[in-house]
Amino acid sequence: MRYQSVLFDMDGTVLDTLEDMYESVNHTLRAFGYPERTRGEVRAFVGNGAYMLIRRALPEGSSEEQVQQALALYKPYYAAHCQVRTKPYDGILELFSTLGAHGIRVAIVSNKPDGAVKTLSERHFGALPTLAVGEREGRRCKPYPDMVLAALEEMGAAASRAVYVGDSEVDVQTAKNAGLPCISVSWGFRSRRQLEAAGAAVIADSVKELKKLLIE
């Protein structure tokens, strides 16, 4: 078997979370009287965790204090509204089930806050992933390898038989930093062209393609 473990990014890879993040970001901006952002802007801002999402969404030149104030509103609001329109991409549930049937363990590693990652994973995937890991204090966000390496350790999984799957330049760099091969997917928050520019070596354009790369 090619792989024993597959680590997935969450946003734009297994879950379409854009609408709930878009609404939560603009709710935060409105609360402070800042200009709202378009879906395209929010899509481009996603990838480096909640802090960077809010820093990018705030007007240029915003102070660290302003970022922290907005972040303090955004995090609990998003946590309470992260399941309104979020849904798995077509075929992901079946893919997880197929991987499990082949004895391949699945984990989700995301820069989203840890509580939101666990809530969304449990709601949409149940017990299919072995674990779900998100941002928490004391652990650097992707593209640092900390979260991926911690997930492998918790799973008792060998890095030599693992692969990382994601939809952005952050995921490409994360896999490289963790010493894992990377499969990028083009249905998420970055286009195939953007992924190629980021150095993606293997790109799946559909879940069917991804399944072949993981199993066959």
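None of the values given here were measured: they were computed from a predicted structure. (Residues numbered from 1 in each chain as written. Predicted model: local features only at pLDDT ≥ 70, side-chain atom pairs only at ≥ 80, totals over all residues. Heavy atoms only, no water.)

A. Layout of the pairing of strand 4 (residues 105-113). The buried fraction of strand 4 is high, at seven of nine residues. Bridging between strand 1 (residues 5-8) and strand 4 involves four bridges; their strand directions are parallel. Across the sheet, the residue bridging to Phe 8 is Ile 108, located in strand 4. Regarding the hand of the β-α-β motif, the stretch spanning strand 4, helix 6 (residues 114-125) and strand 5 (residues 131-135) is right-handed. (Buried < 20%, exposed > 50% of the residue type's maximum accessible area, 1.4 Å probe, protein only. Helix = DSSP H or I, 4+ residues; strand = E, 2+ residues; numbered from the N terminus. Pairing = 2+ DSSP bridges. Right-handed = clockwise from strand over helix to strand, strands pointing away.)

B. Geometry of helix 1 (residues 18-31). Over its 14 residues, helix 1 runs 20 Å from end to end, which matches the ideal 20 Å to within 8%, given 1.5 Å per residue. Taken residue by residue, helix 1 has Leu 18, Asp 20, Met 21, Tyr 22, Ser 24, Val 25, Asn 26, Thr 28 and Leu 29 as its buried positions. Elements that come into contact with the buried residues of helix 1 comprise strand 2 (15-16), helix 2 (39-45), helix 3 (50-57), helix 4 (64-81) and strand 4. (Expected span 1.5 Å × (residues − 1). Contact = heavy atoms within 4.5 Å.)

C. The packing of helix 5 (residues 92-101) against helix 10 (residues 207-215), seen in detail. Packing of helix 5 against helix 10 brings their axes to within 10 Å, and their N-to-C directions diverge by 15°. With respect to their mutual orientation, helix 5 and helix 10 come out roughly parallel. Two packed elements cross with a definite hand, and for helix 5 against helix 10 that hand is right-handed. Here Ile 92, Leu 95, Thr 98 and Leu 99 of helix 5 lie close against helix 10, whose contacting residues are Val 207, Leu 210, Lys 211, Leu 214 and Ile 215. Of the residues belonging to the contact of helix 5 with helix 10, the class tally is seven nonpolar, one polar and one charged. (Axes fitted to C-alpha atoms, helices over the stretch in contact; angles between N-to-C directions. Parallel < 35°, antiparallel > 145°, perpendicular 65-115°, else oblique. Left-handed = near helix turned anticlockwise from the far one by under 90°. Nonpolar A, V, L, I, M, F, W, Y, C, P; charged D, E, K, R; others polar.)

D. Up close: the packing of helix 1 against helix 4. Where helix 1 contacts helix 4, the axes come no closer than 9 Å and their chain directions differ by 140°. Here the hand of the crossing between helix 1 and helix 4 comes out right-handed. Judged by residue contacts, Asp 20, Met 21, Glu 23, Ser 24, Val 25, His 27, Thr 28 and Ala 31 of helix 1 engage Ala 70, Leu 73, Tyr 74, Tyr 77, Tyr 78 and His 81 from helix 4. Its residues placed into classes, the contact of helix 1 with helix 4 shows eight nonpolar, four polar and two charged.

E. Main features of the environment of Asp 11. Relative to the helices and strands, Asp 11 is located in the loop between strand 1 and strand 2. Sequence spacing of Asp 11 and Asp 167 is 156 residues, and the spatial spacing of their C-alpha atoms is 8.1 Å. Those residues in contact with Asp 11, other than ones at most four positions away along the chain, are Thr 17, Met 21, Val 46, Ser 110, Lys 112, Asp 167 and Phe 189. Of note is the side chain of Asp 11, whose polar atom sits 2.5 Å from the side chain of Thr 17. (Polar contact = N/O pair within 3.5 Å; in protein donor to acceptor, adjacent residues only side chain to side chain.)

F. Layout of the state of the cysteines. Under the criterion given, the structure shown has zero disulfides. Summary of cysteine pairing: Cys 82 is not part of a disulfide, and the nearest cysteine sulfur, belonging to Cys 141, is at 17 Å. (Disulfide = S-S within 2.5 Å.)

G. Spatial organisation of helix 8 (residues 169-178). Considered for burial, the residues of helix 8 that qualify are Val 170, Asp 171, Val 172, Thr 174, Ala 175 and Ala 178. A distance of 3.2 Å separates the backbone nitrogen of Val 170 from a side-chain oxygen at the start of helix 8, and that oxygen is part of Ser 168. Residue Gly 179 follows helix 8 closely and has a positive phi angle near 75°.

H. Inspection of the packing of aromatic side chains at higher detail. Evaluated as defined, the whole model comprises four aromatic pairs. Between Phe 96 and Phe 125, the ring centres sit 4.9 Å apart and the planes meet at 55°, which makes this aromatic pair tilted. Highlighted residues: Phe 96 in helix 5 and Phe 125 in helix 6, separated in sequence by 29 residues. With respect to class, Phe 96 is no different from Phe 125; both count as buried. Through successive ring pairs, a cluster of aromatic residues spans Phe 8, Phe 96 and Phe 125. (Phe/Tyr/Trp six-rings, centres within 6.5 Å; stacked < 30°, edge-to-face > 60°.)

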